[in-house]
Amino acid sequence: MGFLAWIILGLIVGAIVKAVMPGRVGGGWVTSLVLGVVGAIVGGWIGSLLFGKGDLAFFDLGTWILAIIGGLVVAGIYGAITGRSHSTRAP
């Protein structure tokens with residue numbers, strides 16, 4: 001899968017990350033989408049190292065799982081660095 005496909009997948013993953021971790025990712029949608037792109041690329045890179053597959057298919061379930069896990073990990077690290085450990089929204 002090419003770099004552009006990982007970016008597109010990352011944008012989708014960013015939206016998923018925003019839905020799963022609504023209060024932990026500061027900066028709004030743009031930050032979530034950027035973190036999703038970075039997470040998808042990191043997830044794909046780690047997946048290629050672990051499973052030895054350099055070219056993953058866009059519609060493969062494993063690709064999506066790796067990208068989502070990568071997005072959640074990157075968003076969690078970002079939240080820990082910026083100090084967003086809990087939701088700041090009023091109930």
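In this text the structure is predicted, and so the values were computed from the model without any measurement. (Residues numbered from 1 in each chain as written. Predicted model: local features only at pLDDT ≥ 70, side-chain atom pairs only at ≥ 80, totals over all residues. Heavy atoms only, no water.)

**Student:** With reference to specific residues and values, describe the packing of helix 1 (residues 3–20) against helix 2 (residues 28–51).
**Tutor:** Remark: helix 1 packs on helix 2, axes separated minimally by 6 Å, with the N-to-C direction vectors making an angle of 125 degrees. Put simply, helix 1 runs oblique to helix 2. Crossing hand, helix 1 versus helix 2: right-handed. Each of F3, W6, I7, L9, G10, L11, V13, G14, A15 and K18 in helix 1 lies in contact with helix 2, whose residues at this interface are G28, W29, S32, L33, G36, V37, A40, I41 and G44. (Axes fitted to C-alpha atoms, helices over the stretch in contact; angles between N-to-C directions. Helix = DSSP H or I, 4+ residues; strand = E, 2+ residues; numbered from the N terminus. Parallel < 35°, antiparallel > 145°, perpendicular 65-115°, else oblique. Left-handed = near helix turned anticlockwise from the far one by under 90°. Contact = heavy atoms within 4.5 Å.)

**Student:** Describe helix 2, listing the residues and the values that go with them.
**Tutor:** Relative to the 34 Å expected for 24 residues at 1.5 Å per residue, helix 2 spans 33 Å between its end C-alpha atoms, a close match to the ideal helical length. Among the residues of helix 2, those classed as buried are T31, S32, L35, G36, V37, G39, A40, G43, G44 and G47. Considering only its buried residues, helix 2 is in contact with helix 1 and helix 3 (61–82). (Expected span 1.5 Å × (residues − 1). Buried < 20%, exposed > 50% of the residue type's maximum accessible area, 1.4 Å probe, protein only.)

**Student:** Lay out the nonpolar core in plain terms, naming residues and giving numbers.
**Tutor:** Among the nonpolar cores identified, the biggest contains 10 residues, and these are W6, L9, V13, V17, M21, L35, A40, A67, V74 and A75. At the level of secondary structure, the elements contributing two or more residues to this core comprise helix 1, helix 2 and helix 3. The biggest single contributor to this core is helix 1, with 4 residues. Apart from residues no more than four positions distant in its own chain, V13 is found in contact with G36, A67, I68 and G71. (Core = buried A, V, L, I, M, F, W, Y, C linked by side-chain atoms within 4.5 Å.)

**Student:** Could you give an account of the UniProt feature "transmembrane region" (unreviewed entry) in the chain, with specific residues and numbers?
**Tutor:** Taking the numbering used here, the UniProt-annotated feature "transmembrane region" (unreviewed entry) corresponds to residues 29–51 and 58–81. As annotated, residues 29–51 has a helix share of 100% and a strand share of 0%, and its two end C-alpha atoms lie 31 Å apart. A helix fraction of 88% and a strand fraction of 0% characterise residues 58–81, whose end C-alpha atoms lie 31 Å from each other. (UniProt positions renumbered as here; feature names shortened; annotations may be inferred.)

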